[in-house]
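# Structural overview for review
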Amino acid sequence: MTAPILLGWIALGMIVQLVLGMAISVRTRGASHAPIESDRTAQAAWPGLRTFRVVARHFEDASHSQCSFLLAPVNGETLPAFKPGQLLTFVIPFSTAGDDGTDASVEQVTRNYSLSDASRADSYRITVKRARPPLDKPDAPAGIVSNYLHDHAAVGTLLDASAESRPQM
């Protein structure tokens, strides 16, 4: 084989590669690169607050310092599939007593808790660690929301949650 023939074959191979590359580029330019999602995943998170009912609770350890809560929407609608690292923001109303012992006002406290189980269409699960005062500051207040959930959120309790992160108050 002579050098001019070899160069001809190389040139032909380069032209074929160039044409194929251009064809692939034109074909994929209009294609969407977004991942294919199920109908549940494609749903947008709900706006504002949504009311959930505690349908089950389970302590994760013998010392009862970590409790998981299974939460189902009160309206029974399907929940959007969660994404890893997703959290719910809970808004818990607390009454503050006046000087005479009567309820003076209702304060809302928000806390964010990560979802702690695989996605289900009918419920979410969170796991909450009971927050105690720091060892070096035993007079400091304990975690108000984590302790409320541990002590008062029984099966049937209603909790308001948002799918949007909010600053904790």
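The structure under discussion appears in the preceding block.
In this convention, every chain numbers its residues from 1, walking through the sequence in written order. The model is predicted, so local features are restricted to residues of pLDDT at least 70 and side-chain atom pairs to those at 80 or more, both for listing and for counting; the totals for chains, interfaces and linings are taken over all residues. Excluded from the side-chain calculation are hydrogens and water; included are all heavy atoms of the structure.

With that settled, the discussion passes to the side chain of Thr 89. Strands here are runs of E lasting at least two residues and helices are runs of H or I lasting at least four, both read from the DSSP assignment and numbered beginning at the N terminus. One can find Thr 89 in strand S3 (residues 87–97). In this structure Thr 89 comes out as buried when scored by relative accessible area, which is 0%. Under the rule applied, a polar contact is a pair of N or O atoms within 3.5 Å (in protein, one hydrogen donor and one hydrogen acceptor; residues adjacent in sequence only if both atoms are side-chain atoms). A polar contact of 2.6 Å, which involves the side chain of Thr 89, links it to the side chain of Asn 112. Each residue is placed in one exposure class: buried if its accessible area under a 1.4 Å probe, protein chains only, is under 20% of its type's maximum, exposed if it is over 50%, and partly exposed if it falls in between.

Bringing the pairing of strand S5 (residues 124–129) into the picture now. Alternating residues of S5 divide into Tyr 124, Ile 126 and Val 128, all buried, and Arg 125, Thr 127 and Lys 129, none buried. With six bridges connecting them, strand S2 (residues 66–73) and S5 associate as antiparallel partners. By the bridge assignment, Ser 68 is partnered in S5 with Thr 127. At least two DSSP bridges between two strands are required for those strands to pair.

Next up on the list: the packing of aromatic side chains. Stacked, edge-to-face and tilted labels apply to pairs of Phe, Tyr and Trp rings (six-membered ring for Trp) whose centres lie within 6.5 Å, assigned for plane angles under 30 degrees, over 60, and everything in between, in that order. Under the counting rule described, the total for this entry stands at five aromatic pairs. Residues Trp 46 and Phe 52 carry aromatic rings whose centres are separated by 5.8 Å and whose planes lie at 55° to one another, so their mutual orientation is tilted. Here Trp 46 and Phe 52 have matching classes, each one buried. Taken together, Trp 46, Phe 52 and Tyr 124 form an aromatic cluster joined through their ring pairs. Put simply, a charge is over a ring when the Lys NZ or the Arg CZ is close to the ring centre, within 6 Å, and near the line of the ring normal, within 35 degrees. Cation over ring: Arg 50 sits above Trp 46, and NZ or CZ is 5.2 Å from the ring centre.

Turning next to the nonpolar core. Among buried residues, those of type Ala, Val, Leu, Ile, Met, Phe, Trp, Tyr and Cys that are joined through side-chain atoms within 4.5 Å constitute a nonpolar core. Of all hydrophobic cores here, the largest spans 24 residues; its most connected members are Phe 69, Leu 71, Phe 90, Tyr 124, Ile 126 and Leu 149. With four residues, the single largest contributor to this core is S3. When checking whether two residues touch, look at their non-hydrogen atoms; a contact exists if any pair is within 4.5 Å. Apart from residues lying up to four places away in sequence, Leu 71 is in contact with Phe 52, Arg 53, Val 54, Val 55, Phe 90, Asp 122, Ser 123, Tyr 124, Ile 126 and Leu 159.

Take the environment of Leu 115 next. If you trace the backbone, Leu 115 turns up in the loop between strand S4 (103–114) and S5. Using a relative accessible area of 12% as the deciding quantity, one classes Leu 115 as buried. Put simply, Leu 115 and Phe 69 are 46 residues apart on the chain and 9.9 Å apart in space, counted from C-alpha to C-alpha. If we skip the residues at most four places from it in the chain, Leu 115 touches Phe 82, Gln 86, Leu 87, Leu 88, Tyr 124, Arg 125 and Ile 126.

The subject of this paragraph is the side chain of Thr 157. For Thr 157, the location among the structural elements is in the loop between helix H3 (144–152) and strand S6 (158–162). Given a relative accessible area of 15%, Thr 157 falls into the buried group. Of note is the side chain of Thr 157, whose polar atom sits 3.5 Å from the backbone oxygen of His 152.

Quick look at a nonpolar patch on the surface now. A contiguous nonpolar surface patch, about 1100 Å² in accessible area, is contributed by Met 1, Ile 5, Leu 6, Leu 7, Trp 9, Ile 10, Leu 12, Met 14, Val 16 and Leu 20. The topology assignment puts Val 16 in helix H1 (residues 3–29). Residue classification places Val 16 among the partly exposed positions, given a relative accessible area of 43%. Residues with no salt bridge and a relative accessible area higher than 30% make up the patches, which join like charges within 9 Å and nonpolar side chains (Val, Leu, Ile, Met, Phe, Trp, Tyr) within 5 Å. Each accessible area is a Shrake-Rupley estimate made with a 1.4 Å probe; only the visible protein chains count as cover when residues are assessed. When a carboxyl oxygen of Asp or Glu is within 4 Å of a side-chain nitrogen of Lys or Arg, the pair counts as a salt bridge.

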